[in-house]
2 protein chains.
Amino acid sequence: MFSYSRRLKHFISKTNSVHLHSPYMSKNPTYTKLFEELRRLDKLSAIDGILGWDHQVNLPKNSVDFRAETAAVFSELRHRESTRPEIGEWIAELTEADNLSPDEKVVVAQAKKDYDLSTKLPVDFVKRRAIAESEGYHTWSDAREKNDYGSYAPYIEKHVALCKEMASYMGRENDAYDFLVDQYDPGMDCETIDSLFTPLREELVPIVQQIVNSDVKADTSFLKGFDVEKQQKFLYEVVKALGLDLGTARIDSSIHPFCGGHTCDTRLTTRFDADNPMDSLFSVIHETGHALYQQGLPAEFTGTALGEAAGMAVHESQSRTWENQIARSKGFWEYWEPKYRDLFKEQLKDISSDKFYLAANKVALTTIRTDADEVTYNLHIMLRYELEKRLFSGELTAKDLPEAWNTLFEASFGFKPKDDREGVLQDVHWSEGMFGYFPSYCLGNLLSAQLWYAMQKDLTSVDADFSRGEFKEVLSWMRNHVHANAQRFKTKELCHIATGENFTHKYLIRYLKERYLPLYS
Amino acid sequence: MFSYSRRLKHFISKTNSVHLHSPYMSKNPTYTKLFEELRRLDKLSAIDGILGWDHQVNLPKNSVDFRAETAAVFSELRHRESTRPEIGEWIAELTEADNLSPDEKVVVAQAKKDYDLSTKLPVDFVKRRAIAESEGYHTWSDAREKNDYGSYAPYIEKHVALCKEMASYMGRENDAYDFLVDQYDPGMDCETIDSLFTPLREELVPIVQQIVNSDVKADTSFLKGFDVEKQQKFLYEVVKALGLDLGTARIDSSIHPFCGGHTCDTRLTTRFDADNPMDSLFSVIHETGHALYQQGLPAEFTGTALGEAAGMAVHESQSRTWENQIARSKGFWEYWEPKYRDLFKEQLKDISSDKFYLAANKVALTTIRTDADEVTYNLHIMLRYELEKRLFSGELTAKDLPEAWNTLFEASFGFKPKDDREGVLQDVHWSEGMFGYFPSYCLGNLLSAQLWYAMQKDLTSVDADFSRGEFKEVLSWMRNHVHANAQRFKTKELCHIATGENFTHKYLIRYLKERYLPLYS
């Protein structure tokens, strides 16, 4: 039946506009117009979210090219809608207005930033970049397969040039890399990042050495043959306990776990491997962290600065807190280990709790970032950040990148990758021109640890709660201190407001010492 | 990873336009512009197809209102895009042009029909209708639950009035019902339908009587406890053999089976019930018929009359041919029955082939259209058609509808529905103002039978092919005679072109006699 009514709609009812939400009323009528328009554009962004999810989760394999064409048409349309001159006029008027509330000023400022970015990039540039993104991606995936960096190097050059060109349209040609970083983490720049990463590296390397040189070795060889349906059952129990609202979210599987969709319709994924159950579990908890943030943003303001995430580092701080500080804690497993053992009696019958817990907190040096544990992960990020800075300063060219990679890698890890596949070719990001993004992962780890200790000051019984399978307090603390603020503050300010202190590397170091040194000595 | 690159796109790359398809070049540059625009709008319609599918298959239960708002915003945007004055100017110019190929003329004519419909309906009317559709639907579903026709009656009146109002905007106030019928089946009208339905009813009723009064009764009591996973396995084997290309299609489950998506990305669904395996099997074959048609339309012309379906009746003729003429044939089951028995040894061990085949071809009088077999189904449709005509002629008002329903029902079926739930309240269509659509179901049955016998003239070994699990010949016959014609011809013309004869009721009668009378005597 449904198909017919759908076909009917296609034949007749081409428009069908019911406005279910009551409009927000401001003292300033132009603000109300802008607000309503941002809310309308947010619906288009939600469609983009569903299409992106569908692409990864459902798309039939031979429908990929058609979807690419469809996505191109839709993003062109979204661009046209979000750059209508009217919007620019409203923003210009509101930037001068004196009757806006502080929140309204935040919305206008962010709208201006987005509008400027969308309008100042020439269409011809945007097309060249889009083509370079898709060509770069395909060249990279061939190059990685064939371990042939040479064929891929020109795209590194091209994307660096395109990023600089983009910065120049925004009047930032002199600090292009800072400009890029700011796109992911508002207000962030190299000076700040260096002030965090330099001491972090100094204090982290010896901790890593101490752990990897310890006689204690995590044994994960018993994590084999874990029935996938039972893994799923367990995972749903866990994410519900963590507070994920499955009334407005769903979990599917995809090659790369991710969290997409929209605050009001969240789509997260994981992947399942009978011989790697910890990967799917911690992946889904990581994505649940992103989803809890998304679901914690004020739904009535999505599409505006009062309803969107503060940036990548803050987003990552949420996924990391749930994945690491919480789900790798003793308290967490005191509650969940018995349930896990019930499901996997056979596999775990000869495994002590200590051995099990150590396996969940395995630390090992690896060449591949995405396989890295939370301790060594930061070394991988800082390496990429260092190389990006040099590429943008001109100190380094694409052709010398592999050697620079291997030298820096050896300096942090004590050995060289066996080939470029395990080195410079491993990540997709640069192939699509994503420079300035890597730092967010490590900034997210720093912030998650800082939030964690700030939380302890307010919540005395966190560990005890976890051991009873209780996470409400933690979630509501995050809701109040992070989620509710949406995009109101830049990363550093948000950190200070939520934790009462300046953004620092100290808490990550403290956390890693307290969590891992007892385990590995 | 993906999530980050998605968030990145959200932060930076708001536009990303790559044109992967090479543009069609016409002698007439304005035609090329129109063609490209129709192809662009087709991508938006494809997005609508994915959203509609997602709504039925994936949408979290509390995300429904948000999706409704999103859909409203998107359909308003699509309406705006498809009614841009430029398009109207191109169409006007091309309607006068003398250098268009016959195919190009077809495209322009259909584009004009769609454009006029979209532009001649006042926005205020479209909003009133949209509200009446959604209120009508909700009132109907409550009314059906409570068997309270009275609360629903006003919406019948309202939708009849809205349909007449719509017709008047198109200058069709004097034949509003014909206008509606034409929306679903181009060129169709009451005069033609009456010339088909009147003799059909006369000849069908005695056949039905003969079957239901026969001592032979189909026993379906053994169709219980059929493992759903095995049902799925079988169903995939079948649809692949029928020719469904799963490289550009997928099958999921939903409450109402349907076929949606797009020619290049087809999404069909069925439902699974361990105690009703024939329902899910024939449902998926029915939807596969729709999908084979969709996949048979020329992909390089979707969005234009050279790449879209000819109408509802033709669409239904495709689903019906595969569901009934083919999948209920002896030849079909000669090949598939042994495979079915392999999967369901226990359930079928005491069931003879004759008993099994009879169960697959059960005929019984029922009050509910959607439960009806292919013989009695047509009586249900003709009843609704008769009532719709009277509602639009003014002969009948909403308040007298239940009584008229029951009287007509008794005349065809020999008994009255026990309440309105089993009568006038059973269908969703009228609650959303879908008048003029019901005839398509029966017209589709007529056409499927006529195509079936035309096919036999060209293909001598159809039954033998089926008994070897071969369907290529049938599919390629349909591709050549029906699918390839897309929207070039009106329903009646297409029928004549494909079968060499005028559209008639005779072949459905012949088919039902040949298929069912031997079984039930």
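Structural data are supplied above this passage.
In this report, the structure presented in the accompanying data block is examined.

Cut-off values and rules
- Residues numbered from 1 in each chain as written.
- Chains lettered and ligands numbered in written order.
- Predicted model: local features only at pLDDT ≥ 70, side-chain atom pairs only at ≥ 80, totals over all residues.
- Heavy atoms only, no water.
- Helix = DSSP H or I, 4+ residues; strand = E, 2+ residues; numbered from the N terminus.
- Buried < 20%, exposed > 50% of the residue type's maximum accessible area, 1.4 Å probe, protein only.
- Contact = heavy atoms within 4.5 Å.
- Areas by Shrake-Rupley, 256 points an atom, 1.4 Å probe, with all protein chains shown as cover.
- Lys, Arg positive; Asp, Glu negative; His and termini not counted.
- Charge placed at Lys NZ, Arg CZ, Asp CG, Glu CD.
- Pairing = 2+ DSSP bridges.
- Axes fitted to C-alpha atoms, helices over the stretch in contact; angles between N-to-C directions.
- Polar contact = N/O pair within 3.5 Å; in protein donor to acceptor, adjacent residues only side chain to side chain.
- Phe/Tyr/Trp six-rings, centres within 6.5 Å; stacked < 30°, edge-to-face > 60°.
- Lys NZ or Arg CZ within 6 Å of the ring centre and 35° of its normal.
- Parallel < 35°, antiparallel > 145°, perpendicular 65-115°, else oblique.
- Nonpolar A, V, L, I, M, F, W, Y, C, P; charged D, E, K, R; others polar.
- Salt bridge = Lys/Arg side-chain N within 4 Å of Asp/Glu carboxyl O.

### Some thoughts on the overall build of chain A
Right, on to step 1. Along the backbone of chain A there are 22 helices and three strands.
Right, on to step 2. Along the first, second and third principal axes, the C-alpha atoms of chain A reach 65 × 55 × 50 Å.
Right, on to step 3. Counting every position in chain A, which comprises 521 residues, the buried fraction comes to 61%.
Right, on to step 4. In chain A, the share of contacts with a sequence separation of at least 24, taken over all contacts with a separation of at least 6, comes to 73%.
Right, on to step 5. Here chain A displays about 19,800 Å² of accessible surface, and carbon together with sulfur accounts for 51% of that area.
Right, on to step 6. For chain A, the distance from the average position of its 63 positive side-chain charges to the average position of its 80 negative side-chain charges is 3 Å.

### Some remarks on the pairing of strand E3 (residues 265-270) of chain B
Residues and elements named next belong to chain B.
Right, on to step 1. Of all the six residues making up E3, six are buried; the element is thus mostly covered by neighbouring parts of the structure.
Right, on to step 2. On E3, burial covers both faces: Asp265, Arg267 and Thr269 on one face and Thr266, Leu268 and Thr270 on the other are all buried.
Right, on to step 3. Relative to E3, strand E1 (residues 249-253) runs parallel, the two sharing five bridges. The residue bridging Arg250 from the neighbouring strand is Arg267, located in E3.

### Details of the pairing of strand E3 (residues 265-270) of chain A
Right, on to step 1. Note that strand E2 (residues 259-262) of chain A and E3 of chain A share four bridges and pair antiparallel. Each bridged residue has a counterpart across the sheet, and for His262 of chain A the counterpart in E3 of chain A is Asp265 of chain A.

### Considerations on the sheet that holds E1 of chain B
All names here are of chain B.
Right, on to step 1. With mixed pairing, the three strands of this open sheet are ordered in space as E1-E3-E2. Strands at the two margins of the open sheet, each flanked by one partner only, are E1 and strand E2 (259-262). On average, adjacent strands in this sheet sit at an angle of 20 degrees to one another, irrespective of strand direction.
Right, on to step 2. Each of E1, E2 and E3 is contacted by helix H2 (residues 29-57), which is oriented at about 25 degrees to E3, the strand it contacts most.

### Section: the environment of Ser26 of chain B
All names here are of chain B.
Right, on to step 1. Along the chain, the position of Ser26 falls in the loop between helix H1 (2-11) and H2.
Right, on to step 2. A relative accessible area of 13% means that Ser26 is categorised as buried.
Right, on to step 3. The spatial distance from the C-alpha of Ser26 to the C-alpha of Glu104 is 8.6 Å, given a sequence separation of 78 residues.
Right, on to step 4. In this structure Ser26 touches Tyr31, Thr32 and Glu104, once residues within four positions along its chain are discounted.
Right, on to step 5. Here the side chain of Ser26 touches Glu104 through a polar contact of 3.0 Å, side chain to side chain.

### Observations regarding the packing of aromatic side chains
Residue and element names in this part refer to chain A.
Right, on to step 1. Taken as a whole and assessed by the stated rule, the structure comprises 70 aromatic pairs over all chains.
Right, on to step 2. Note on Phe226 and Phe344: the rings are 4.6 Å apart at their centroids and 40 degrees apart in plane angle, and the pair reads as tilted. Taken together, the positions of Phe226 in the loop between helix H9 (190-212) and helix H10 (228-242) and Phe344 in the loop between helix H13 (330-343) and helix H14 (345-348) put the pair 118 residues apart, joining distant regions of the chain.
Right, on to step 3. Geometry around Phe282 places Arg328 over its ring, the cationic atom sitting 3.9 Å from the centre.

### A few points about the packing of helix H2 (residues 29-57) of chain A against H2 of chain B
Right, on to step 1. Running from N to C, H2 of chain A and H2 of chain B point in directions that differ by 80 degrees, and their axes come no closer than 11 Å. Relative to H2 of chain B, the element H2 of chain A is oriented roughly perpendicular. Only Ile47, Ile50, Leu51, Trp53 and Asp54 of chain B of H2 of chain B make contact with H2 of chain A, whose side of the interface consists of Ile47, Ile50, Leu51, Trp53 and Asp54 of chain A.
Right, on to step 2. Its residues assigned to classes, the contact of H2 of chain A with H2 of chain B shows eight nonpolar, no polar and two charged.

### What to know about the pattern of salt bridges
Right, on to step 1. One pass over the structure, following the stated rule, counts 85 salt bridges over all chains.
Right, on to step 2. Its salt-bridge partner being Asp116 of chain A, residue Lys112 of chain A comes within 2.8 Å of it at the nearest N-O pair. Here Lys112 of chain A pairs with Asp116 of chain A, and both are found in helix H5 (residues 102-120), just four residues apart, close to one helical turn.
Right, on to step 3. Between Glu514 of chain A and Arg510 of chain A there is a salt bridge whose closest N-O contact spans 2.9 Å. A residue pair is termed a helical-turn pair when its members lie 3 or 4 positions apart in one helix, as Glu514 of chain A and Arg510 of chain A do in helix H22 (residues 506-516) at four residues.
Right, on to step 4. One continuous salt-bridge network, built from bridges that share partners, spans Glu37, Arg40, Glu81, Arg84 and Glu86 of chain A together with Arg80 of chain B.

Just distances and angles here, no functional claims.
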